[in-house]
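Structural features, examined
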Amino acid sequence: DGAGPIGRCSEIFYDQQTEFEGGDRYLEICNLVFMEEQRLGTGRIVPLGAPCVDTGMGLERIAGVLQGHTTNYDIDSITPLIHRVMQLAHADPARYSSVSQDPFSVAIRVIADHIRSASFLLADGVVPGSTGRGYVLRRLIRRAVGFGAQIDLSQNFLAGLYPVLVETHGEAYPELAEHAAMICQVLTLEEDGFRDRMQHGLKLLDNHMAKSKGQALDPEFAFELYSTYGFPLDLTAIAASQKGLTVDADAVGALVERHRQLARESWSASSSTNAVPPAVADLWASQDLAAEFTGYCTTEEPSCQAGALSSVEPLTPGVLRLSLIHI
């Protein structure tokens, strides 16, 4: 329903010939979207300037089909990680099932999945942060650490899993080995930092549950754990369920969305103070300059210096901006 490229799609399913626990008989392995039009913000649909085919194909699902497995977690690039997680947890392999939804099996799969995702983001140059890709990376690491605590994994287990990832993926992705020292260091620092916050959050949660009246955890408190201590909501729900309490996911989700909306409004308000300085706008207009996107046709373009200026303009008390323009 939103703005952006749109088109008809063709979905390809693989018939697994059987019904099984935790999955469907028909597995989608590919989706082709024929991008021919664009929906504008007003809702009007116009032809797309550069029609294309957007292919969504699950590499791991294809591997699962070729290897005769009904779940991605049984393919040969993931099972070594799963086995290593169980070794670090000193767990009986018989406790684990790739399709079971029991807490132990879920934790094993989450950790194996998240160590891969986080490591690839780090190899691509993403660093943990509070916004954008850095925020996603930090959430992945913290969620893995939280599930690790659920199955009593020792400290710095993420770095302990990394050599297995290099062994299984390093040939296809040499950057994993090239940046191994940096990636392990960041994983360890993030894990150590969150463990301290998590332990404090768990103490607060235990105290709050001990005083709770009724069978539901206060949504405001669950949100506070999430927003202040970075405590994943699903881990709060697991801890609460062990005490016989439920978490209203919709109520907490509404608080999270309200928090995000306030953050967006704050960002928008702050962005309005960073408008293009009049001097820069005047230079742009005087040179009759226009922007044209040529990325569909070339990766290089010649350029020249149409003008240069510097101006210092007050924005807010005590804050100055220096504007430079080279065209």
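Residues numbered from 1 in each chain as written. Predicted model: local features only at pLDDT ≥ 70, side-chain atom pairs only at ≥ 80, totals over all residues. Heavy atoms only, no water.

Structural notes on the side chain of His169
One can find His169 in helix α5 (residues 157–169). What makes His169 buried here is its relative accessible area of 9%. Look past the residues within four positions of His169 in its chain and what remains in contact with it is Ser77, Arg116, Phe120 and Leu176. (Helix = DSSP H or I, 4+ residues; strand = E, 2+ residues; numbered from the N terminus. Buried < 20%, exposed > 50% of the residue type's maximum accessible area, 1.4 Å probe, protein only. Contact = heavy atoms within 4.5 Å.)

Some points on the packing of aromatic side chains
All told, the structure shown has two aromatic pairs when counted by the stated rule. When the ring of Phe120 is compared with that of Tyr173, the centres are 4.9 Å apart and the planes differ by 80°; the resulting orientation is edge-to-face. Here Phe120, found in helix α3 (residues 103–123), pairs with Tyr173, found in the loop between α5 and α6 (175–178); they are 53 residues apart in sequence, far enough to count as distant. Residue class for Tyr173 comes out partly exposed when judged on its relative accessible area of 34%. Taking 6.4 Å as the distance between ring centres and 40° as the angle between the ring planes, the aromatic pair formed by Phe223 and Tyr226 counts as tilted. Residue Phe223 and its partner Tyr226 are located together in helix α8 (residues 219–229), separated by three residues, close to a single helical turn. Neither residue differs from the other here; Phe223 and Tyr226 are each classed as buried. The ring centre of Phe104 lies 3.9 Å from the NZ or CZ of Arg95, which sits over that ring. (Phe/Tyr/Trp six-rings, centres within 6.5 Å; stacked < 30°, edge-to-face > 60°. Lys NZ or Arg CZ within 6 Å of the ring centre and 35° of its normal.)

Observations concerning the nonpolar core
With 57 residues, the main nonpolar core has Ile108, Ile111, Ile151, Leu158 and Leu187 as its most contacted residues. Among the secondary structure elements, those contributing two or more residues to this core are α2 (79–88), α3, α4 (132–150), α5, α7 (180–211), α8, α9 (233–242) and α10 (249–271). When residues of this core are assigned to their parent elements, the largest contribution, 10 residues, is made by α3. (Core = buried A, V, L, I, M, F, W, Y, C linked by side-chain atoms within 4.5 Å.)

Structural notes on the confidence of the model for the protein
Low-confidence regions, as indicated by low pLDDT, have predicted coordinates that should not be scrutinised in detail. In this model, the protein carries an average pLDDT of 82, and 80% of its residues clear a pLDDT of 70 or more. Note on residues 312–327: pLDDT under 50 across the span, and 43 contacts to partners over four residues away in sequence or across chains. (pLDDT = per-residue confidence, 0-100.)

Topic: the sheet that holds strand β2 (residues 26–39)
Strand order across the open sheet formed by three strands is β1-β2-β3, with antiparallel pairing between neighbours. This sheet does not close on itself; its edge strands, each paired only once, are β1 (4–15) and β3 (45–57). If you compare each strand with its neighbour and ignore which way they point, the axes differ by 15° on average. The pairing of β1 with β2 spans 12 bridges and is antiparallel. What sits directly across from Tyr14, in β2, is Leu27. Packing against the sheet, helix α1 (residues 59–67) makes contact with β1, β2 and β3, and its axis sits at approximately 150° to β2. (Pairing = 2+ DSSP bridges. Axes fitted to C-alpha atoms, helices over the stretch in contact; angles between N-to-C directions.)

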